[in-house]
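# A structural walkthrough
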Amino acid sequence: MVGTDAVLVGDASSDTRTANDVIRKRRWAYGITAFFALVSIGTYSYNEYYTYLSVYLWFGFIYGMCLQYGRFCFSSAFRDLFAVGVPRMVVGIMIATVLFASVGAFVTATGLSTFHSAPVSFHAVVAGFIFGVGMVFAGGCASGSLYKTGEGNSNALLVVLSISITQALFVDVGGWTNKLVPQSWHDSAVAKGLPAVINAGDGWVDQYLAGYVWNQPVTTFAQMSGWSNESFLGAFLGNLLVGVTIPAALLLIAVYIIWSRKSFMRRRAKEGLSTATFSDELAGYWAMITANKRTAIAGLILGIACGLHMFVIQGLRVKFGVRNAGTLLERMGFDFGISINGTVFDPGYWYVTTQEAQWVGWVFQKLGTENMDNIYFGFVNGIPNPAINPADWMSIALIGGAAVMALLNNEFRFKKPTLELATWAMIGGALMGIGSRLGLGCNVGAFFVRVSQGDPSGWLFGLGMFGGAYVGVRFFNWWTERKMAKQFAASDF
Amino acid sequence: MKFEKKADGLFVLNVEGYVCPHPQIYTKKALQKMNVGDVVEVLFDNPSSGESIATMCENTGDEIIAKNDEAGRYRWDIRKA
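Computed from a predicted structure; not experimentally measured.

In terms of helices and strands, chain B carries two helices and five strands. Reading chain B from its N terminus to its C terminus gives the helix and strand order β-β-α-β-α-β-β. Here the C-alpha radius of gyration of chain B, 11 Å, is about what a compact globule of 81 residues would show, namely 12 Å. Here the C-alpha coordinates of chain B stretch approximately 30 × 25 × 20 Å along the principal axes. Looking at chain B as a whole, 56% of its 81 residues are labelled buried.

How big an interface is tends to be expressed through the accessible area that disappears when the partners come together. The interface of chain B with chain A comprises 38 residues on the first partner and 43 residues on the second. At the level of elements, β1 (2-7), α1 (22-33), β3 (39-44), α2 (47-60), β4 (63-70) and β5 (73-79) of chain B are the ones that each hand at least two residues to the side of chain B that touches chain A. Among the elements that take part in the side of chain B that touches chain A, α2 of chain B stands out by supplying eight residues, more than any other. Along the lines of polarity and charge, the residues of the side of chain B that touches chain A split into 15 nonpolar, nine polar and 14 charged.

Further remarks concern the sheet that holds β4 of chain B. Residue and element names in this part refer to chain B. Within the open sheet, the five strands sit side by side as β1-β2-β3-β5-β4. Their pairing is mixed. Looking along the sheet, the strands with just one partner apiece sit at the ends: β1 and β4. Across the sheet, the mean angle separating the axes of adjacent strands is 15° when strand polarity is ignored. Of the pairings in the sheet, the one linking β1 to strand β2 (residues 10-14) comprises five bridges and is antiparallel in character. Following the sheet pairing, Glu 4 is matched in β2 by Val 12.

For the rest of this paragraph, the subject is the packing of helix α7 (residues 142-150) of chain A against helix α18 (residues 390-408) of chain A. All names here are of chain A. Between α7 and α18, whose axes approach to 7 Å, the crossing angle comes to 50°. Taken as axis vectors, α7 and α18 run oblique relative to one another. For the element pair α7 and α18, the recorded crossing hand is right-handed. Across from Leu 146, Tyr 147, Thr 149 and Gly 150 in α7, the residues of α18 making contact are Ser 395, Leu 398, Ile 399, Gly 400, Ala 402, Ala 403 and Ala 406. For the contact of α7 with α18, a count of residues per class yields seven nonpolar, four polar and no charged.

Residues and elements named next belong to chain A. One way to put it is that helix α6 (residues 123-138) packs onto helix α19 (residues 419-439) with a least axis distance of 7 Å and a crossing angle of 160°. In this view, α6 runs roughly antiparallel relative to α19, as classed from their interaxial angle. The way α6 lies across α19 gives a crossing that is left-handed. Of α19, the residues touching α6 (which contributes His 123, Ala 124, Val 126, Ala 127, Gly 128, Ile 130, Phe 131, Val 133, Gly 134, Met 135, Phe 137 and Ala 138) are Trp 424, Ala 425, Ile 427, Gly 428, Gly 429, Leu 431, Met 432, Ile 434, Gly 435, Ser 436, Leu 438 and Gly 439. Of the residues contributing to the contact of α6 with α19, the split by class is 16 nonpolar, eight polar and no charged.

Here we come to helix α14 (residues 293-320) of chain A. Over its 28 residues, α14 of chain A runs 40 Å from end to end, which matches the ideal 40 Å to within 8%, given 1.5 Å per residue. Just past α14 of chain A, the residue Gly 321 of chain A takes up positive phi, approximately 65°.

Let us now look at the confidence of the model for chain B. All names here are of chain B. Across chain B, the average pLDDT comes to 92, with 100% of residues at or above 70. Of all helices and strands in chain B, the one with the weakest mean pLDDT is α2 (89), whereas β3 scores best (97). Scored as a complex, the prediction yields pTM 0.92 and ipTM 0.88.

Criteria and cut-off values
- Residues numbered from 1 in each chain as written.
- Chains lettered and ligands numbered in written order.
- Predicted model: local features only at pLDDT ≥ 70, side-chain atom pairs only at ≥ 80, totals over all residues.
- Helix = DSSP H or I, 4+ residues; strand = E, 2+ residues; numbered from the N terminus.
- Rg over C-alpha atoms; globule rule 2.2 N^0.38 Å.
- Buried ≥ 20, exposed ≤ 12 C-beta atoms within 10 Å, placed from the backbone.
- Contact = placed C-beta atoms within 7 Å.
- Nonpolar A, V, L, I, M, F, W, Y, C, P; charged D, E, K, R; others polar.
- Pairing = 2+ DSSP bridges.
- Axes fitted to C-alpha atoms, helices over the stretch in contact; angles between N-to-C directions.
- Parallel < 35°, antiparallel > 145°, perpendicular 65-115°, else oblique.
- Left-handed = near helix turned anticlockwise from the far one by under 90°.
- Expected span 1.5 Å × (residues − 1).
- pLDDT = per-residue confidence, 0-100.

Pasting the structure below:
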């Protein structure tokens, strides 16, 4: 008989070792938290403008803690439905989305939103598809890989590196790829009249952006309903209710019917309870929503934090009289890595992939590569020194926050990658990097944030991720089936 | 990944070192192959896989009869229903 009793009995020395291990991990958790506190205090004492950096940092820290606590991975939401029929993450993400949307609607209605809608077209579906395949191969989405890095998972770190490097290379690719660009994109990109140093007619991504994506319509559910985003009706009825709450509820009903209802009713029948009435269905729906409390709680806090993040950043912009962190950096005397528009990447809300591309872009620049002649780095986001780049600290602190939560819960563990997993990590990370740049964001920036703010392009990216995850799971089913068959044969099964 | 027979009706699935979705997919495939009443001891160290395996078992009716979670390493014994 196997059971916990046999395992939980240990000698005194092993108990002491375990207790010491817990104490050691807690010290590390406090140390990491103290490090970020020192960064905040130290930079603030140098210049109050660094408050901006600290806001990103501490919201990143909260995101990391929430993601680790709730095992919150967008990849899991799509993948586990197909792979093992588990809906817990879809539920968690929809809870977070609706809450973020609720706080976001309030922020938008007060005129303090930092959000800008993205172009709406089929490109978002294609980008989401590529991203979706990648996140299944990699074993985690862009944000999931960050928090898993904080758990000590070096495989997730490889994914982060792969996403970062691929993006930095992809946005600057030119040469033979120019021949793949449709003439209409080239002509349209050149006609935009961007500064000569950007040379928008050279480079695949430049021509994709300026020649195609920028020509697509930009809208929200509020605007489609005839309201402005900042009006009460637009923010709460158009974006929150029509754009987020109703689709989320319908999506969860579909998930309940396909993946959750059967097992719920079977359990209910086993207990001798009714299974035929509408209230039984409501009970099943609610049971699915509350099935995983950790995920639900994480989704709740995450959603509220995301909305507050926008509010606080916009408040600081008003306080300092700026529209972008690039101005603050210039005021403090930094001029390297700022875009030709005087901007750096400063979304004003949770975002993951661009700051990762900037890390590598900055390194490439220091190694002698000229990569400020493309739209992504040179015209919009820049490549400031990572140490003073506010969005960078959001991701660094996200890893730190996840590490703190994992250490406090005794779940931190260094894991070396195997050759098999490292290969999947690199391939999956590369696909996510390409998908991110095509979709102008990842599972967070292109899906979670856009959906929450009533931007239909977010749903299109999500649709693509759904399809990509399905294909990825089908492939992994085949892959694991082969490996399992060998094990079954070897174990005389 | 290692799957082996430990005794009659008792198996071990070691997926330590694997990240999502491998542990939950391998667990699902092992349970599908086993007979009703058989037990599989699943060893894994990816916390998020635990959440998925737990929900999967709840949905299928398979019973997690023992859980040992220690310092980021997990050993769960699951009886096929």
